[in-house]
Amino acid sequence: MRAKVNGQTVFNIFSILFVVSVGFYFIGRFLYYKLENEKEKIIPNTLASRLLEEDYGNYYESENDLSYTNGIYRYVGMASFNYVRYKGLLWRVIKINADGSVTLITENSVISLPYGDNLENHILPWLNIIEEENTGIMVASLEADQELLNTKFCIDTFSKLEEATCFHTNYDYKIGILTLDDYLEANANESYLNNGETFWTSNKYDKNNSWFISNDGRISYENTFHKYGIRPVITIDGNSTIYSGNGSYDNPYLLNNRKTITLLDGYVGDYVTYNNQVWKVVSKDNDKVKLASEECLKNKENTCIEQKYSNNSNHVENSELIIYLNNDYYQTFQYKDFLVKGPYYTGSYSLTSNDYRTTFTSTKNLTVGFLSLGEIFSYDIDNSYLMTTGPNNDLSIYSVNNHSLYQNVVTNPLFIRPVIYLNSNITITEGNGSYLSPYQLGGMKS
């Protein structure tokens, strides 16, 4: 006898089957999307693509840090994931240009110079190679002249910030300096470009004055003979390969992947540990590498030593301090066979001509000395001696004060920032040359 199936039973069966099928559908979709999202994402490995990628986990900061106007993506505000390590220096990305190239600025000033009547007087010749001796110090330190694209920067003159324009540009050089327009577009003192230093912009206020950024981020103008910081600005191909990093300060995008076997393989700006001190590479050639101490010379109490340069003369051979450094201080070094003699620039500098190139006109071969005012990183440590002398005065010598130049006398006690030369053939055993991981040195390469 067959059981009678009524309409209510059929309805209940179909309802159950419907609910179950809907449940399976949504469970299936959930599992599909979960598995898709758990697949390893393909992270762009070129700079422009990485900067513009909006979705790959914790690598990307916040799209609010990028603004878009007229085909240009700019970093604005307190952006914190636009750090790049390129050729030994730490940079910040300013913008991704309409053609896909990327414009960067050094995180810190690399030298202090007067603006001059125009940028071509002192700043651009120091940054770029022109047909004169002792030019292009910056571009030479990057070992990248062929890699760099020409950088466009504004050279408009205006006397009111609200009238800041960018109608006139210079596009003739590999390296420029920050345009006031870029500083304003980034939100000025409330942006990552406000680094606590005083530095020039590319724009003039009038014939005798130029705009600069003060150490508190304010925009002001000053006479062009003043010496303020220079933060180089470069433009590179947006297809430049990223080898590592996530764009943060502690882990910047790394754009160079040269294998470092010896000191010669490192870059200017790299950090080195030697004799229980941290040093910064200033220059190099095939035989030797010049390094400046990252700190002033300290005593056992970890306090900076102050000492006068000389009792009565700015001549190197008469300097009690130079004699001390090349004798008593030299004896404190381990692995003395690493040290070699090299040229130290002892030329004089005139506040009238303000031409840094005069400081390279004479040299003295020493094991230990100081930097000259025309060299990169020469203004890093305040209240310290330079090797540069004043003109027509045997008691005049220059020093660093507030990251700028100060004319001093040889009998004033100041901090000591030693500079040395090491054999370029010394092997590197570990470290990547950054401040957080300086190179550790081994023996000589056989």
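Not measured: the values here are computed from a predicted model.

Conventions adopted
Residues numbered from 1 in each chain as written. Predicted model: local features only at pLDDT ≥ 70, side-chain atom pairs only at ≥ 80, totals over all residues. Heavy atoms only, no water. Helix = DSSP H or I, 4+ residues; strand = E, 2+ residues; numbered from the N terminus. Buried < 20%, exposed > 50% of the residue type's maximum accessible area, 1.4 Å probe, protein only. Contact = heavy atoms within 4.5 Å. Areas by Shrake-Rupley, 256 points an atom, 1.4 Å probe, with all protein chains shown as cover. Core = buried A, V, L, I, M, F, W, Y, C linked by side-chain atoms within 4.5 Å. Salt bridge = Lys/Arg side-chain N within 4 Å of Asp/Glu carboxyl O. Phe/Tyr/Trp six-rings, centres within 6.5 Å; stacked < 30°, edge-to-face > 60°. Lys NZ or Arg CZ within 6 Å of the ring centre and 35° of its normal. Pairing = 2+ DSSP bridges. pLDDT = per-residue confidence, 0-100. Arc of directions from axis to C-beta. Disulfide = S-S within 2.5 Å.

## Overview of the overall build of the chain
Scanning the chain for helices and strands turns up 6 helices and 30 strands. Residues counted as buried form 49% of the 446 residues belonging to the chain. For the chain, long-range pairs separated by at least 24 residues make up 58% of all intrachain contacts whose partners lie at least 6 apart in sequence. Carbon and sulfur atoms provide 48% of the accessible area of the chain, an area that totals close to 21900 Å².

## A closer look at the nonpolar core
Counting 107 residues, the largest nonpolar core has Met138 and Leu422 as the members making the most contacts within it. Per-element tally for this core: the top contributor is strand 4 (residues 89-96), with 5 residues. Apart from the residues lying within four places of it in its own chain, the contact partners of leucine 422 are Leu263, Tyr274, Asp287, Lys288, Val289, Leu291, Phe338, Leu339, Val340 and Leu441.

## Description of the pattern of salt bridges
Applying the stated criterion to the full structure yields 16 salt bridges. Its salt-bridge partner being aspartate 182, residue arginine 74 comes within 2.5 Å of it at the nearest N-O pair. Linking arginine 74 in strand 2 (residues 72-75) with aspartate 182 in helix 5 (residues 180-185), this pair joins segments that are 108 residues apart in sequence. Within the structure, one salt-bridge network assembled from shared partners comprises Arg74, Lys95, Asp181 and Asp182.

## A word on the packing of aromatic side chains
Enumeration according to the criterion identifies 23 aromatic pairs in this entry. The interplanar angle of 80° and the centroid separation of 6.2 Å between the aromatic rings of tryptophan 200 and phenylalanine 212 together place this pair among those described as edge-to-face. One end of the pair, tryptophan 200, is in strand 10 (residues 199-204); the other, phenylalanine 212, is in strand 11 (residues 209-213), and 12 residues separate them in sequence. Judged by centre distance (4.9 Å) and plane angle (75°), the ring pair of tyrosine 329 and phenylalanine 333 falls under edge-to-face. Neither tyrosine 329 nor phenylalanine 333 differs from the other in exposure class; each is buried. Put simply, the rings of Tyr274, Trp279, Tyr329, Phe333, Tyr335 and Phe338 touch in pairs and so form one group of aromatic residues. Above the ring of tyrosine 83, the side-chain terminus of arginine 92 is found at 3.7 Å from the ring centroid. Sitting over the face of the ring of phenylalanine 199, arginine 231 holds its NZ or CZ atom 4.8 Å from the ring centroid.

## Structural notes on the pairing of strand 5 (residues 102-106)
Extensive coverage of strand 5 is indicated by the burial of 5 of its 5 residues. Covered by surrounding structure in strand 5 are Val102, Leu104 and Thr106 together with Thr103 and Ile105, the residues of both alternating faces. Across 5 bridges, the pairing between strand 4 and strand 5 is antiparallel. Bridge pairing links valine 93 to leucine 104 in strand 5. Linkage of strand 4 to strand 5, two consecutive antiparallel strands, is achieved through a turn of 5 residues, within which glycine 100 is found at a positive phi near 90°. As paired elements, strand 5 and strand 14 (residues 232-236) share 4 bridges and run antiparallel to each other.

## Remarks on the confidence of the model for the chain
On average, the chain scores 90 in pLDDT, and the residues at 70 or more come to 88%. In the predicted structure, residues 55-61 sits below a pLDDT of 50 and forms 21 contacts with residues beyond four places in sequence or in another chain.

## Here we look at helix 6 (residues 320-329)
Inspection of helix 6 places Leu321, Ile322, Leu325, Asn326 and Tyr329 among the buried residues, and these make up the whole buried set. One side of helix 6 carries all its buried residues, which in axial view fall inside an arc of 130°.

## Things to note about the state of the cysteines
Counted according to the given criterion, the structure contains 2 disulfides. The disulfide bridge from cysteine 154 ends at cysteine 166, spanning 1.8 Å between sulfur atoms. The sign of the S-S torsion, about -70°, decides the handedness of the disulfide formed by cysteine 154 and cysteine 166: left-handed. Separated by 12 residues along the polypeptide, cysteine 154 in strand 7 (residues 151-154) and cysteine 166 in the loop between strand 7 and strand 8 (169-173) bring together distant segments of the chain. Note on cysteine 154: relative accessible area 5%, which makes it buried. Here cysteine 296 pairs with cysteine 304 through a disulfide, and the sulfurs are 1.8 Å apart. The class for cysteine 296 is buried, based on a relative accessible area of 9%. The disulfide pattern of the chain is 1-2, 3-4 when the bonded cysteines are numbered in sequence order.

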